[in-house]
Structures are given as C-alpha cells and as structure tokens.
Amino acid sequence: MDAKVLSSGVRYSDLPESYVRPESDRPRLSEVSECENVPVIDLGCPDRSHVVQQISLACINYGFFQVINHGVSKEAVEGMLEVAHGFFRLPLEEKMKLYSDDPSKTTRLSTSFNVKKESVHNWRDYLRLHCHPLHKYVPEWPSNPPPFKEIVSDYCVEVRELGYRLQELISESLGLEKDDIKKVLGEQGQHMAVNYYPPCPKPELTYGLPGHTDPNALTILLQDLQVAGLQVLKDGKWLAVNPHPDAFVINIGDQLQALSNGRYKSVWHRAIVNADKERMSVASFLCPYDHALISPAKPLTLDGCGAVYRDFTYAEYYGKFWSRNLDQQHCLELFKN
Ligand code: OGA
Ligand code: NI
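What you are looking at is a predicted structure, and each value in this text was computed from that prediction instead of being measured. (Residues numbered from 1 in each chain as written. Chains lettered and ligands numbered in written order. Predicted model: local features only at pLDDT ≥ 70, side-chain atom pairs only at ≥ 80, totals over all residues. Heavy atoms only, no water.)

1. Re the sheet that holds strand β9 (residues 230-234)
So, step 1. Sheet architecture is open: five strands sit in the order β1-β10-β9-β12-β7, paired in mixed fashion. Sheet topology places β1 (33-34) and β7 (209-212) at the edges, where each strand pairs with a single neighbour.
So, step 2. As defined by bridge partners, β9 adjoins strand β10 (residues 237-240) across four bridges and the pair is classed as antiparallel. Paired with Val 232 across the two strands is Leu 239, which belongs to β10. (Pairing = 2+ DSSP bridges. Helix = DSSP H or I, 4+ residues; strand = E, 2+ residues; numbered from the N terminus.)

This is the structure:
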C-alpha cells in the first residue's frame, strides 16, 4: 500500500525532499526563546471582573493565553489523549479507511495541511472531525479504538461549555454584553484536529505546521504534556509555549479579530517537530455558523476609524481560507476595508 500518511509505522532515516523548506523559510530553532510570561488565567477565581480584566490584557498583548481550573474534567482530558494515541497506533489499513484529502469531508484522516494544493509538505498527520451536533457526526467517527466515540463525545461537550464561558468573558472584556459575541456566532460549529507529529529526522528543515492563524472564532488547544512544540509570534519573535499541566492554550481566531474590529489579534502560531519523540495535540475549534454575518460590534467602530474589515459570512471566509497556502498572508487582510 502506498503509505500516504506519516504514521504508517515507518521510521524515516532522512527527511524526504518534499518536506524540506527553502533556506529562507526554516524554523531557525536556535533563535527561539521560551515564552516566560504566557498569561495563565485561573477561571476558578471568584472575582469575575478580575478575570475579565486579565483576559482583556492577554488578548490585547498576546492574542493567546492559558486557562486553569477551566471546568473540563481530568478524566475527559486523559481519556481524550489516550484514545488519540490509540487511534494513531492502529494498523495502517484500519486508519486508511478514513483517509481523504478533500477538506470538505466532515470526518477524515489526512496529512500535512492541504496536500493537493501545497508545494512543500508538513510533518504532521491529523484526524479532523466535525463535532456539532454530535448526533449528526458521531456515526461517521472512527469506531476504533472501541471507546473512541464515547470518550471523544464527552470531551467535546465539556470543551464546548468552556468555549462558551470564554466567549462570554471575551465579550465582557470588550465592553459588550456577556452574550453579544455568542449571538453573532449563532449555533456554532465545532471541529477538532487531532494532530500527530511523528519523530522527524531533520526538525530544522521543516514544520509540523508552519506559521498560521486559525480561521475560526476560538481555539482550545490541548498540548502534549511531555513534548513541547507550539510556538507563537510575539513582537516579531517566535516564542515556545511550553506545556503547562492542567491548562488549555486558548487562542483568538480570525473571526474574533474581525468582531473585535482588530482590537484582539488572531496570533500567528506554528508547531515544530522533534527528532526523538512523537507529539500529540488536540485542537478544538469553535466556528460561527455558516451564514453568520461577521461584522464588528457597533460600539467598537465608534473611535473614529470605522470598521477595519468589510462584512462577510463565515462560509465566504472559510472558502477563501482553504483555497490558499496555510502560511500566506493573514487571510483577514483580504477583507480589509
Ligand atoms: C492547529 C494548531 C498547534 C499544535 O491545529 O491549528 O495550531 O501545537 N496546532 O499542534
Ligand atoms: Ni492553529
């Protein structure tokens, strides 16, 4: 069988040419420093206005933050990571039943980012699932490992709750009513990318995921606790965000940047790979419903600058996003007024 995915059980001794980035576009790992002061926000803090203020500062200064005491149970998190590893350890034939390089498929195993369009590949396999409403999508999810559907469903429900809570806090942090952002986003879609980065023979020459911003509204990332790999761009420098036990990494997606009229930034981030160890991450994406009209909240356009971006529907945005390379210019630039 032609091994289309990296997680085929083959251990690569050299990096195939199609993964090698041109010299000008390599991770330059020796220049990356650790992000010492990633905001860690305690959602269990009883002083709501303090939490709102911390979120505001984190979104303005970083565009991402971590949350602890987030309400997602340890059991759900551990279960999720276990079935994720279980899935990628399945025999190749079993996994390949779900393989597709068509981004419109609602359940699929794929590799890199957009294999049919891109010129250089990324050292990543991923299982991408639509997750809401669950009853619509769970039947097409993997039935191996056997507890997959149940464990991932439970995880999705808990993460969605956390996402709503964060959107309420973010809404308030922009001076809006608690429900304003949720109202614009409507009945939100929820997608998941279970990312698997196998050990890579030449981590200096390639990426797991090159620098990108997330096209959705809000991303809730569960990082491998053992192996670091997430980096974010801050003030022109790439910084490593090392895993924090019991935390999720939250990042503002392009839609919240648009709704906040550019006040909050959808940050550039990337995943680098590791020579010795495999790495797993589970990204949950909350997305506006397809026909949601993304238009900045009125009070945020009254400071004299007007609306930074033109109004668009999420469906229009998403189509544009997948028609490009992941590391091209910020997709929102195409919607600037
Ligand atoms: C993503 C992403 C980062 C990581 O899936 O969009 O940015 O650490 N993942 O895997
Ligand atoms: Ni991302």
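2. Regarding unusual backbone geometry
So, step 1. At the junction of His 132 and Pro 133, the peptide bond is cis and its omega measures out at -5 degrees in the coordinates.
So, step 2. With an omega of -5 degrees, the peptide bond between Asn 144 and Pro 145 qualifies as cis.
So, step 3. Structurally, the position occupied by Pro 145 is in the loop between α4 (134-137) and α5 (148-173).
So, step 4. Located in the positive-phi region is Arg 28, a residue other than glycine, with phi close to 45 degrees.

3. Some words on the layout of surface pockets
So, step 1. Taken as a whole, the largest pocket spans an internal volume of roughly 300 Å³.
So, step 2. Along its surface, the largest pocket is lined by 16 residues, and His 130, Tyr 137, Gly 189, His 191 and Asp 290 are the ones closest to its centre.
So, step 3. Broken down by element, the residue count for the lining of the largest pocket peaks at three residues, all from helix α8 (residues 314-322).
So, step 4. Here the residues of the lining of the largest pocket are counted per class, giving eight nonpolar, five polar and three charged. (1 Å grid on protein atoms, 1.4 Å probe; cavity = no way out; pocket = protein on both sides within 12 Å on 5 of 7 lines; lining within 4 Å. Points joined across faces, edges and corners; volume = space filled by probe spheres on them. Nonpolar A, V, L, I, M, F, W, Y, C, P; charged D, E, K, R; others polar.)

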